[in-house]
Amino acid sequence: MSTETAVAPAATPRPRFPESFLWGGATAANQVEGAYDVDGKGLSIQDVMPRGIFAAPTDGPTPDNLKLEAIDFYHRYAQDIALFAEMGFSVFRFSIAWSRIFPNGDEEEPNEAGLAFYDRVLDELERYGITPLVTISHYETPLHLARAYDGWVSRELIGFYERYVRVLFARYGHRVKHWLTFNEINSVLHVPLMSGGIMTPREELSPTALYQAAHHELVASALATKIAHETGLGLQVGCMVIAMPIYPLTPDPADVLAVMHADHANLMFSDVHTRGVYPGYALRHFREHGIELDITDEDRELLRHTVDFVSFSYYMSQCESADPAAAPGPGNLIGGTTNPHLPASEWGWQIDPVGLRIVLNQFWDRWGKPLFIVENGLGAKDELVEVDGVPTVVDDYRIAYLNDHLVQVAEAIQDGVQVLGYTTWGPIDLVSASTAQLSKRYGFIYVDRHDDGSGTLTRYRKKSFGWYADVIATRGASLRG
Ligand code: BGP
């Protein structure tokens, strides 16, 4: 081994992202706000799902449901937004809790106190020049709509959703230009309760009922797009899907065909959103599986109102195999088989930065619509330590994850893909959607709250906080690799 000291070559700065590129973070009301019964808010399905998506709902809110208080964004939003501004955010994605605006979901008149809360959030964002990106429905259907109507299985939800979006556009349309209709709309096939407010247990739900619910959401989404465009306020509407590149486990054509089918189940939702009609492969699937949908002429007309952009979450890729014995792996709502080439997070989600470039190219080639990465991040266990007397988290693993994904976004932009922006999931620690834990942390900001409900809710900057601020300030030139 040579005794000479190796001098690392000076890193070449990476090319800058476009000036118009939006940088920020994303949250959901039910995972950050808390204040679950404050100022007239009604219950949402999340308030009775204390243990995440894999357990049956409880009869009512229980004290062990971390979402009831979450990280108290409802009272601390000003402090949190100031921290986002300190990192240089130009966009903040958040959701409006439907049950703050319509506590039961089917009232005639909205709840003024709920509307006023989001006025205050928007005031704060405006103070720092941060663009709001608002999710209209993020896994938080009002509980009454779930219990009394079985959620989106019922066509009546289209009307309730329409009333809700009309109120939102009337109230906030002059200051919120970017809207997402449903978070991860394609997840309804996998987690019908969380995604579609459907109380009927998954195993008792017929394929027809499930796809009918998906159809109602697609129609509601198109209707929201139509209404947004009719306001004349220049509103831009995006669909939001789970992006999951699927690789064949082997080059066996049977595996490749299995990939095609799995892709179709995921992509159908954005195909409808961008083309305005159901694709032929979906119609064949319905025909061959005895799925008889009630699709009216009016529905067909509405579906023609296509979205302005496609947004998505990206956490991982998956493999697919035609072999029924291939073991399913853990993952973000949509199963799949484990890829032997990839490492995984502490929760088993496989880490695949290149998959992000692949999916950006795939989506751009397929739809030709601008793309927005509205979720990406690493859920990890963090340890609060003192560095120079200041409490922090040395989260180099998170920095590495985000760095590597952003490098692939830059590559995709070089490939010619139009990418509007990037919001990391959970810029501040929040309650996990799938496991309802706080120990699955995503943030640049550590929140002192724990799975047993203890903690002071104090916020601390992690090492990644300064790292992301640099990335934003240099428009990506500080990325490595
Ligand atoms: C997405 C959801 C988010 C978020 C994220 C991370 O599916 O849109 O709400 O929670 O995944 O997942 P988790 O919280 O399960 O780690």
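Residues numbered from 1 in each chain as written. Predicted model: local features only at pLDDT ≥ 70, side-chain atom pairs only at ≥ 80, totals over all residues. Heavy atoms only, no water.

Draft legend 1. View of the site of the ligand. Surveying the vicinity of the ligand reveals 16 residues, the closest of which are Glu184, Ala433, Ser434, Lys440 and Tyr442. Within the side chain of Asn183, a nitrogen or oxygen atom sits 2.9 Å from an oxygen atom of the ligand. About the coverage of the ligand: the protein hides 99% of its 370 Å² of free accessible area. Partitioning the shell around the ligand into residue classes produces seven nonpolar, six polar and three charged. (Near = heavy atom within 4 Å. Polar contact = N/O pair within 3.5 Å; in protein donor to acceptor, adjacent residues only side chain to side chain. Areas by Shrake-Rupley, 256 points an atom, 1.4 Å probe, with all protein chains shown as cover. Nonpolar A, V, L, I, M, F, W, Y, C, P; charged D, E, K, R; others polar.)

Draft legend 2. Here's a closer look at unusual backbone geometry. In the Ramachandran plot, Asp39 falls in the positive-phi region, its phi being about 55° despite a non-glycine side chain. Turning to its location among the elements, Asp39 is positioned in the loop between α1 (29-32) and α2 (73-87). Positive phi values are uncommon outside glycine, yet Asp388 reaches one of about 50°. Its location among the elements puts Asp388 in the loop between β10 (385-387) and β11 (390-392). Its relative accessible area of 78% is what places Asp388 among the exposed residues. (Helix = DSSP H or I, 4+ residues; strand = E, 2+ residues; numbered from the N terminus. Buried < 20%, exposed > 50% of the residue type's maximum accessible area, 1.4 Å probe, protein only.)

Draft legend 3. Structural detail: the nonpolar core. One finds Tyr161, Phe312, Leu360 and Tyr468 to be the most contacted residues of the largest nonpolar core, which totals 136 residues. Broken down by element, this core gets its largest block of residues, 13 residues, from helix α8 (residues 207-230). Setting aside chain neighbours within four positions, we find Tyr161 in contact with Trp98, Ile136, Ser137, Trp152, Thr181, Phe182, Ala220 and Ala224. The next biggest cluster of nonpolar side chains, apart from the first, holds ten residues, and it includes Ile53, Tyr139, Val191 and Leu193. (Core = buried A, V, L, I, M, F, W, Y, C linked by side-chain atoms within 4.5 Å. Contact = heavy atoms within 4.5 Å.)

Draft legend 4. Structural view of the environment of Val237. For Val237, the location among the structural elements is in strand β5 (residues 236-243). For Val237, a relative accessible area of 1% gives the class buried. Here the alpha-carbon distance between Val237 and Pro427, two residues 190 residues apart in the chain, equals 23 Å.

Draft legend 5. View of the environment of Glu411. Inspection of the secondary structure puts Glu411 in helix α13 (residues 396-414). Overall, the relative accessible area of 24% leaves Glu411 in the partly exposed class. Each C-alpha atom, one on Glu411 and one on Thr12, is 15 Å from the other, the two residues being 399 residues apart in sequence. Once residues within four sequence positions are removed from consideration, Glu411 is found in contact with Arg14 and Arg357.

Draft legend 6. Layout of α2. Over its 15 residues, α2 runs only 18 Å from end to end, short of the ideal 21 Å by more than 12%, given 1.5 Å per residue. At Gln79, α2 shows its maximal kink, close to 35°. All of the buried residues along α2 are Phe73, Tyr74, Tyr77, Asp80, Ile81, Leu83, Phe84 and Met87. Of the residues one or two after α2, Gly88 is the one with positive phi, at around 95°. (Expected span 1.5 Å × (residues − 1). Bend = angle between axes of the 7 residues up to and from the residue.)

Draft legend 7. Layout of the pattern of salt bridges. Applying the stated criterion to the full structure yields 31 salt bridges. When the shortest N-O distance is used, the salt bridge between Arg100 and Glu33 registers 2.7 Å. Of this pair, Arg100 sits in helix α3 (residues 98-101) while Glu33 sits in the loop between α1 and α2, and the two are 67 residues apart along the sequence. Residues Arg100 and Glu33 agree in their burial class; the two are buried. (Salt bridge = Lys/Arg side-chain N within 4 Å of Asp/Glu carboxyl O.)

Draft legend 8. Quick look at the packing of α13 against helix α14 (residues 463-473). Packing of α13 against α14 brings their axes to within 9 Å, and their N-to-C directions diverge by 25°. Judged by the angle between their axes, α13 and α14 are roughly parallel. The two elements α13 and α14 cross, and the hand of that crossing is right-handed. Across the interface between the two elements, Asp396, Arg398, Ile399, Leu402, Asn403 and Leu406 from α13 touch Lys463, Ser464, Trp467 and Val471 from α14. For the contact of α13 with α14, the per-class residue count stands at five nonpolar, two polar and three charged. (Axes fitted to C-alpha atoms, helices over the stretch in contact; angles between N-to-C directions. Parallel < 35°, antiparallel > 145°, perpendicular 65-115°, else oblique. Left-handed = near helix turned anticlockwise from the far one by under 90°.)

Draft legend 9. Representation of the sheet that holds strand β12 (residues 419-425) in the model. Taken together, eight strands build a closed barrel; the order of strands is β1-β2-β3-β4-β5-β7-β9-β12 and the barrel is parallel. Neighbour to neighbour, the strand axes of the sheet diverge by 25° on average, direction disregarded. Pairing between β5 and strand β7 (residues 309-314): six bridges, direction parallel. Looking at the pairing, Ala243 lines up with Tyr314 of β7. (Pairing = 2+ DSSP bridges.)

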